[in-house]
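Listed here are the chains, written in short residue letters.
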Amino acid sequence: CVPRRIMTASAESYSVEDELEMATVRHRPEALELLEAQSKFTKKELQILYRGFKNECPSGVVNEETFKEIYSQFFPQGDSTTYAHFLFNAFDTDHNGAVSFEDFIKGLSILLRGTVQEKLNWAFNLYDINKDGYITKEEMLDIMKAIYDMMGKCTYPVLKEDAPRQHVETFFQKMDKNKDGVVTIDEFIESCQKDENIMRSMQLFENVI
C-alpha cells in the first residue's frame, strides 16, 4: 500500500540538493529534527520517506483523488475508493482536504511502530467517521463494507452478501457495553484488548493500511 511502497523507496544519499528541494516545494515539511522527535523514525528513515513522498506528491501534499489513485494500484482485485476515502480522512488530522508529509509521518509512525493503545486510538478515529467521539453501528458497517469491497470477491469467494453486517452485529454487541447504541473510545479499546477475535480483526485492518 501507499505507506509500504514509500517505505521501500531506495535509500539514496541525502545531499544539499535535497535540502534545497525541501525548501522550494509548495508545502515545506517541518524540520526533520522536529519530526524525528514527534515520530518513531530516525532522521535517515525520514529522509528516505520524504524522498518517496516527494516522488509521489511533488507539491509536498496529497489530495484525496491522488490518494485514491495511488491506493487503488495495490488492490486491483476490488474497489478501494470508499476505504481510501475513510483512510484519507484519518490521515488528514486537521481536515483541510490535504495530507502533508507531517500528517503522513505521524500516522505512519503509529501504524508501523506505535503501541497497541496508540494503534487502537488511531483505529477508533478511522471508524468514527463523523468525528463526534462515538462509533455508531452504521459507521462500523460503512468501514467494514469498504474493506470487503476493497479486498474483492476473489479474496472472500464464499462470503455471503450480508457478511459485513453479520460481522458488525457481532462486534458491536460485544463493544457496546452499556447498550446505548454507540461505542465510546474506552469501550472500543477495552473490547479490542480483551477479545482475541476483535484483535484479529484489527490485524486485518492493519494489513490493508
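Residues numbered from 1 in each chain as written. Predicted model: local features only at pLDDT ≥ 70, side-chain atom pairs only at ≥ 80, totals over all residues. Heavy atoms only, no water.

Engineer: Could you give an account of the nonpolar core, with specific residues and numbers?
Structural biologist: Counting 50 residues, the largest nonpolar core has Tyr-83 and Phe-188 as its most contacted members. If one sorts the elements of this core by residue count, helix α9 (residues 137-151) sits on top with 9 residues. (Core = buried A, V, L, I, M, F, W, Y, C linked by side-chain atoms within 4.5 Å. Buried < 20%, exposed > 50% of the residue type's maximum accessible area, 1.4 Å probe, protein only. Helix = DSSP H or I, 4+ residues; strand = E, 2+ residues; numbered from the N terminus.)

Engineer: Give a detailed account of the pattern of salt bridges, specifying residues and quantitative values.
Structural biologist: Pairing of side chains with opposite charge becomes possible as their charged atoms draw close. A full pass over the atoms with the stated rule returns 8 salt bridges. Residues Lys-40 and Glu-118 are paired through a salt bridge, measuring 3.8 Å at the closest nitrogen-oxygen approach. Here Glu-118 lies in helix α8 (residues 116-127) and Lys-40 lies in the loop between α3 (32-38) and α4 (43-56), a separation of 78 residues in the sequence. In this structure, Glu-169 engages Lys-137 in a salt bridge whose closest nitrogen and oxygen atoms are separated by 3.2 Å. Of the two residues, Glu-169 is situated in helix α10 (residues 163-175) and Lys-137 in helix α9; the sequence distance between them amounts to 32 residues. By relative accessible area, Glu-169 is classed as partly exposed at 33%. (Salt bridge = Lys/Arg side-chain N within 4 Å of Asp/Glu carboxyl O.)

Engineer: Please set out the side chain of Ser-109 residue by residue, giving values where relevant.
Structural biologist: Checked against the element boundaries, Ser-109 lands in helix α7 (residues 101-113). On the basis of relative accessibility, which here comes to 4%, the residue Ser-109 falls in the buried class. For Ser-109, the side chain forms a polar contact with the main-chain nitrogen of Lys-40, separated by 2.9 Å. Sequence-distant contacts of Ser-109, that is, excluding residues within four places in its chain, are made with Ser-39, Lys-40, Phe-41 and Gly-114. (Polar contact = N/O pair within 3.5 Å; in protein donor to acceptor, adjacent residues only side chain to side chain. Contact = heavy atoms within 4.5 Å.)

Engineer: Break down the UniProt feature "domain: EF-hand" (unreviewed entry) in the chain for me, citing the residues and quoting the values.
Structural biologist: UniProt's feature table lists "domain: EF-hand" (unreviewed entry) at residues 79-114, 115-150 and 163-198, given in the numbering used throughout. Across residues 79-114 one finds 67% helix and 8% strand; the C-alpha atoms that close the span lie 28 Å apart. Taken end to end, residues 115-150 has its terminal C-alpha atoms 26 Å apart, with 72% of it in helix and 6% in strand. (UniProt positions renumbered as here; feature names shortened; annotations may be inferred.)

Engineer: Give a description of unusual backbone geometry that names residues and reports values.
Structural biologist: Across the chain, the bulk of peptide bonds are trans and the bulk of non-glycine residues have phi less than zero. Positive phi, normally seen in glycine, also occurs at Lys-131, with a value near 55 degrees. Mapped onto the elements of the fold, Lys-131 is located in the loop between α8 and β3 (135-136). We classify Lys-131 as partly exposed; its relative accessible area is 28%.

Engineer: Could you give an account of the packing of helix α6 (residues 81-91) against α9, with specific residues and numbers?
Structural biologist: In a pair of packed helices, the angle between the axes and the distance between the axes together describe the arrangement. Relative to each other, α6 and α9 sit at 130 degrees, their axes nearing to 7 Å. Comparing their axes, α9 and α6 come out oblique. Crossing of α6 against α9: the hand is left-handed. Residues Thr-82, Tyr-83 and Phe-86 of α6 form the contact with α9, whose own contacting residues are Asp-142, Ile-143, Ala-146, Ile-147 and Met-150. Residue composition of the contact of α6 with α9, grouped by class: 6 nonpolar, 1 polar and 1 charged. (Axes fitted to C-alpha atoms, helices over the stretch in contact; angles between N-to-C directions. Parallel < 35°, antiparallel > 145°, perpendicular 65-115°, else oblique. Left-handed = near helix turned anticlockwise from the far one by under 90°. Nonpolar A, V, L, I, M, F, W, Y, C, P; charged D, E, K, R; others polar.)

Engineer: Pulling in residues and values, what's your account of the environment of Ile-110?
Structural biologist: Tracing the backbone shows Ile-110 in helix α7. Among the residues examined, Ile-110 registers a relative accessible area of 23% and is labelled partly exposed. Once the C-alpha coordinates of Ile-110 and Asn-121 are considered, the two residues, 11 residues apart in sequence, prove to be 9.5 Å apart. Those residues in contact with Ile-110, other than ones at most four positions away along the chain, are Glu-118, Lys-119 and Trp-122.

Engineer: Tell me what's going on with the environment of Asp-103, and back it up with residues and numbers.
Structural biologist: Within the element layout of this structure, Asp-103 appears in helix α7. Residue Asp-103 is classed as buried on the basis of its relative accessible area, which comes to 11%. Separated by 13 residues in sequence, Asp-103 and Ala-90 have C-alpha atoms that sit 9.5 Å apart. The contact partners of Asp-103, leaving out residues within four places of it in the chain, are Phe-91, Thr-93, Asp-94 and Ala-98.

Engineer: Can you lay out the packing of helix α5 (residues 64-72) against α6 for me, pointing to particular residues and giving the numbers?
Structural biologist: Between α5 and α6, the least distance of the axes is 9 Å, while the angle of their chain directions is 125 degrees. Classified by the interaxial angle, the pair formed by α5 and α6 is oblique. The chirality of how α5 crosses α6 is right-handed. Residue-level contacts link Glu-64, Phe-67, Lys-68 and Tyr-71 of α5 to Thr-81, Tyr-83, Ala-84, His-85, Leu-87, Phe-88, Asn-89 and Phe-91 of α6. When its residues are assigned to classes, the contact of α5 with α6 shows 7 nonpolar, 3 polar and 2 charged.

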